[in-house]
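This is what each chain is made of:
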Amino acid sequence: MNLLKEFSLDDKCSYLENKKQTTYYKVIDNCSSIYNQELIERGFRRFGKMFFRPVCSTCQECQSIKIDVDNYTFSKSSKRIMRKAGHIKSYIQTPNLSQEHIDLFEKYHKHMKDKKGWKYQETTAEHYYNSFVTGHENFGYEIIYFDGDKLIGVDLVDILEDGISSIYFYYDPDYSHLSLGKLSLLLQIKFAQESKKKWIYLGYYVEDCPSLNYKAEYKPYLTLQGRPSQENQYIWS
C-alpha cells in the first residue's frame, strides 16, 4: 500500500446551495482491504484511488450512515419493486470500461441535468476509468443490470469484511418505471443478508439535499459520530 498524496480543498458545496465545503483527500495506490474498511468506518468515500470526506469547520450536515442489515425488513412496496423487475438480470464483476458504460453514464447524467438541475460535463474514458475502474484492488466490484442484451444499470460497490459500501449507481432513464435506483439498493441489502454481512454503508445523508435525503427511508440505520481520526476509535449509534 502506498499513500501517494493527501490534501484538502475548498470549493462550492456539492450538496447545499450558498455553502462552501472543505474536503480532505487521500490518494492511495494498492490500498489493502483492511485499510479500505478502516477509512469507510471513519466516514471516507472512495472513487478510484481517491478517498475523501468532508471536514467543514462550520457545518456538520453531511452525516455518514449505514443500514442495519440484520434488522431490515422489506416492506410491501419494496417487494413490489423487486417483483416488477423480475425479468431484469444482474451480474457481478470487477469494474469495467466499455463504450456501453460511457454511453449509459452520459445518458443518465444528461437526464439528471434536465430533471434535477445537476451540473453536466461530458465524460471521457480517462475520467471514468480514474473514478470507477482503477483502485478496485480485491474489494471493488460493479453489479451490471441487463434487459435482454441491453445494459440498463451499473452499481459500483466495495464488498467489505462486514458489509457493502455503496459507491455510485447510474441507470437508463428509459427504465425509470422500474425504480432501478431503489431496486439496486434493495438487492444490495438482500445480497448482504444472504452473505451474512451486517451493514450497507450508504455514504452521506444530507437532510436538505433532495439527491441524498432519500437515504433516511432505509431504516434502521446508524450514524457515525464526529470525524474520527485513524488514531481514534469510531462510534456508530
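Predicted model, so just to flag it, every value in this text is computed and none were measured. (Residues numbered from 1 in each chain as written. Predicted model: local features only at pLDDT ≥ 70, side-chain atom pairs only at ≥ 80, totals over all residues. Heavy atoms only, no water.)

Draft legend 1. Representation of the pairing of strand β7 (residues 140-147). Counting buried residues along β7, six of its eight residues qualify, which places the element largely inside the surrounding structure. Summarising the sheet, strand β6 (residues 89-93) and β7 pair through five bridges and their orientation is antiparallel. Looking at the pairing, Y91 lines up with I144 of β7. Sheet topology note: the β7/strand β8 (residues 150-159) ladder contains eight bridges and is antiparallel. Looking at β8, one finds that I143 is bridged to D155. If you look at the hairpin formed by β7 and β8, you'll find two residues sitting between the two strands, and G148 has a positive phi there, around 65 degrees. (Buried < 20%, exposed > 50% of the residue type's maximum accessible area, 1.4 Å probe, protein only. Helix = DSSP H or I, 4+ residues; strand = E, 2+ residues; numbered from the N terminus. Pairing = 2+ DSSP bridges.)

Draft legend 2. Inspection of the packing of aromatic side chains at higher detail. Under the defined criterion, the tally for this structure stands at 19 aromatic pairs. On the numbers, 5.0 Å between centres and 20 degrees between planes, the contact of F7 with Y25 is stacked. Of this pair, F7 sits in strand β1 (residues 2-12) while Y25 sits in strand β2 (residues 20-29), and the two are 18 residues apart along the sequence. Residue Y25 is classed as buried on the basis of its relative accessible area of 16%. Relative to F52, the ring of F47 lies with its centre 5.8 Å away and its plane at 85 degrees, an arrangement referred to as edge-to-face. Taking relative accessible area as the criterion, F47 reaches 28% and is therefore assigned partly exposed. Feature note: the residues F7, Y25, F47, F52, F105, Y128, F132, Y168 and Y170 constitute an aromatic cluster, connected by ring pairs. The ring of W199 carries K66 above its face, with NZ or CZ at 4.1 Å from the centroid. (Phe/Tyr/Trp six-rings, centres within 6.5 Å; stacked < 30°, edge-to-face > 60°. Lys NZ or Arg CZ within 6 Å of the ring centre and 35° of its normal.)

Draft legend 3. The arrangement of the pattern of salt bridges in detail. Counted under the stated rule, the structure contains nine salt bridges. For the salt bridge of D174 with K107, the shortest nitrogen-to-oxygen distance reads 2.7 Å. Here K107 lies in helix α3 (residues 99-116) and D174 lies in the loop between β9 (163-171) and α5 (180-194), a separation of 67 residues in the sequence. The closest approach of N and O atoms between K190 and E194, which form a salt bridge, is 2.9 Å. With K190 and E194 both in helix α5 and four residues apart, this pair spans about one turn of that helix. According to the relative accessible area criterion, K190 is partly exposed, its value standing at 35%. E194 sits in the exposed class, given a relative accessible area of 54%. (Salt bridge = Lys/Arg side-chain N within 4 Å of Asp/Glu carboxyl O.)

Draft legend 4. Inspection of the environment of Y171 at higher detail. Mapped onto the secondary structure, Y171 falls in strand β9. With 20 residues separating them along the chain, Y171 and L151 place their C-alpha atoms 8.6 Å apart. Non-local contacts of Y171, meaning those with residues more than four positions away in its chain, are made with L104, Y108, I152, G153, S176 and L180. (Contact = heavy atoms within 4.5 Å.)

Draft legend 5. Inspection of the sheet that holds strand β4 (residues 50-54) at higher detail. With antiparallel pairing, the four strands of this open sheet are ordered in space as β1-β2-β4-β3. Each edge of the open sheet is held by one strand with a lone partner, namely β1 and β3 (45-47). Across the sheet, the mean angle from the axis of one strand to that of its neighbour is 25 degrees, orientation sign disregarded. Pairing geometry for β2 and β4, over five bridges, is antiparallel. (Axes fitted to C-alpha atoms, helices over the stretch in contact; angles between N-to-C directions.)

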